[in-house]
Protein chains: 2
Amino acid sequence: MKIIHYEGGESAPVETEGATGCSVRWLIGEADGAPNFDMRQFEVAPGGGTPKHSQAHEHEVFVLEGTGVVLDGDIERLLEPGIVVYVPPKEPHQFRNTGTTPLKFLCLIPRLA
Amino acid sequence: MKIIHYEGGESAPVETEGATGCSVRWLIGEADGAPNFDMRQFEVAPGGGTPKHSQAHEHEVFVLEGTGVVLDGDIERLLEPGIVVYVPPKEPHQFRNTGTTPLKFLCLIPRLA
């Protein structure tokens with residue numbers, strides 16, 4: 001059993017092209033022996049965001065802190081603590097921080113991504 | 001894309017033998033077309049808990065609110081907001097609320113569980 005505080009470990013900058021002000025912590029993953037899916041925690045600085053893109057795999061997201069928007073097609077939908085977002089495989093998406101404090105969320109993806 | 005607040009949907013009592021004061025919300029699952037893993041949110045009343053058991057599949061847990069313990073072997077480890085727990089497949093575990101307010105956590109499991 002692995003028990004940690006999510007902010008206890010190191011975060012790394014997200015280097016994906018188009019990402020601005022984003023960092024990630026890998027909370028549960030292959031290194032822990034987790035066989036099927038990975039739990040990551042993202043932090044996006046005010047004004048920053050993830051690139052608008054689509055991926056072959058799904059994302060399961062839970063917003064922890066801050067405010068922002070997720071692009072759902074051409075519509076910006078509000079993100080605030082407690083919001084759950086399911087992004088199906090291949091669906092375009094983008095997360096942006098429109099607030100004045102860090103936008104923090106969990107984002108889980110399948111291992112075969 | 002599905003976007004909800006985690007407390008916006010209905011919760012159902014957990015009927016598993018040995019569970020006391022537990023309810024669950026299915027946030028992302030097969031009904032949403034999610035192909036690989038499911039996001040659930042549990043709420044455990046003060047004094048309540050999940051049964052001490054083991055299952056064939058892993059659990060990936062994130063504590064949202066409240067305080068409690070998770071049984072790690074014979075040791076009780078503290079749960080508080082922001083704590084992440086990875087329970088490997090087949091490892092015995094039990095979550096209990098030792099506080100005075102609801103213990104709320106996310107618990108994700110693979111689909112083939």
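Please refer to the structure placed before this passage.
Residues numbered from 1 in each chain as written. Chains lettered and ligands numbered in written order. Predicted model: local features only at pLDDT ≥ 70, side-chain atom pairs only at ≥ 80, totals over all residues.

J.: Lay out the overall build of chain A in plain terms, naming residues and giving numbers.
T.: Within chain A one finds zero helices and ten strands. Beginning at the N terminus, the succession of helices and strands in chain A can be written as β-β-β-β-β-β-β-β-β-β. What you see for chain A is a C-alpha radius of gyration of 14 Å, in line with the 13 Å of a compact globule of 113 residues. Considered along the principal axes of its C-alpha atoms, chain A spans approximately 40 × 30 × 25 Å. By the burial criterion, 37% of the 113 residues in chain A qualify as buried. (Helix = DSSP H or I, 4+ residues; strand = E, 2+ residues; numbered from the N terminus. Rg over C-alpha atoms; globule rule 2.2 N^0.38 Å. Buried ≥ 20, exposed ≤ 12 C-beta atoms within 10 Å, placed from the backbone.)

J.: Residue-level account of the interface of chain A and chain B, with values.
T.: If you look at the interface, chain A gives 34 residues, while chain B gives 35 residues. Broken down by secondary-structure element, the contributors of at least two residues to the side of chain A that touches chain B are β1 (2-5), β3 (20-28), β4 (37-49), β5 (59-65), β6 (68-72), β8 (83-87) and β10 (103-110) of chain A. Looking at the side of chain A that touches chain B, its residues break down into 21 nonpolar, five polar and eight charged. For β8 of chain A and strand β1 (residues 2-5) of chain B, the ladder comprises four bridges, and the chain directions are antiparallel. Of the residues in β1 of chain B, the one forming a bridge with Ile 83 of chain A is His 5 of chain B. (Contact = placed C-beta atoms within 7 Å. Nonpolar A, V, L, I, M, F, W, Y, C, P; charged D, E, K, R; others polar. Pairing = 2+ DSSP bridges.)

J.: Before we move on, can you summarise the relation of the copies chain A and chain B with the specific residues and values?
T.: Once chain A has been moved 0.0 Å along the axis and rotated by 180°, it coincides with chain B to within an RMSD of 0.0 Å. Overall, the copies show the geometry of a two-fold rotation axis. Take the interface residues of chain A: 100% of them recur as interface residues in chain B, which is what a same-surface contact looks like. (Least-squares fit on C-alpha atoms with pLDDT ≥ 70 in both.)

J.: Any details on the environment of Val 61 of chain B? Residues and values, ideally.
T.: All names here are of chain B. Note that Val 61 resides in strand β5 (residues 59-65). Along the primary structure Val 61 and Leu 108 are separated by 47 residues, whereas in three dimensions their C-alpha atoms are 6.4 Å apart. Not counting residues within four places of it along the chain, the set of residues in contact with Val 61 comprises Val 84, Val 85, Val 87, Phe 105, Leu 106 and Cys 107.

J.: Break down unusual backbone geometry for me, citing the residues and quoting the values.
T.: Glycine aside, the phi torsion of most residues is negative, and most peptide linkages are trans. The phi dihedral of Lys 90 of chain A is positive, around 70°, even though this residue is not glycine. Lys 90 of chain A gets classed as exposed once you count the C-beta atoms within 10 Å, which come to 10.

J.: Could you give an account of the environment of Tyr 86 of chain A, naming the residues involved and the relevant values?
T.: Residues and elements named next belong to chain A. In this fold, Tyr 86 is placed in strand β8. Taking the C-beta count within 10 Å as the criterion, Tyr 86 has 20 such neighbours and is therefore assigned buried. Remark: the alpha-carbon pair of Tyr 86 and Gly 99, spanning 13 residues in sequence, is separated by 22 Å.

J.: Quick one: what's the story with the pairing of β8 of chain A, residue by residue and with numbers?
T.: All names here are of chain A. β8 sits mainly inside the fold: five of its five residues count as buried. Side chains of β8 alternate between two faces, with Ile 83, Val 85 and Val 87 and Val 84 and Tyr 86 buried alike. As defined by bridge partners, β5 adjoins β8 across four bridges and the pair is classed as antiparallel. Counted as the bridge partner of Val 61 is Val 85 from β8.

J.: Kindly report on the environment of Ala 19 of chain A, identifying the contributing residues and their values.
T.: Residue placement: Ala 19 of chain A occurs in the loop between β2 (12-13) and β3. If sequence neighbours within four positions are ignored, Ala 19 of chain A has contacts with Val 14, Thr 50 and Pro 51 of chain A.

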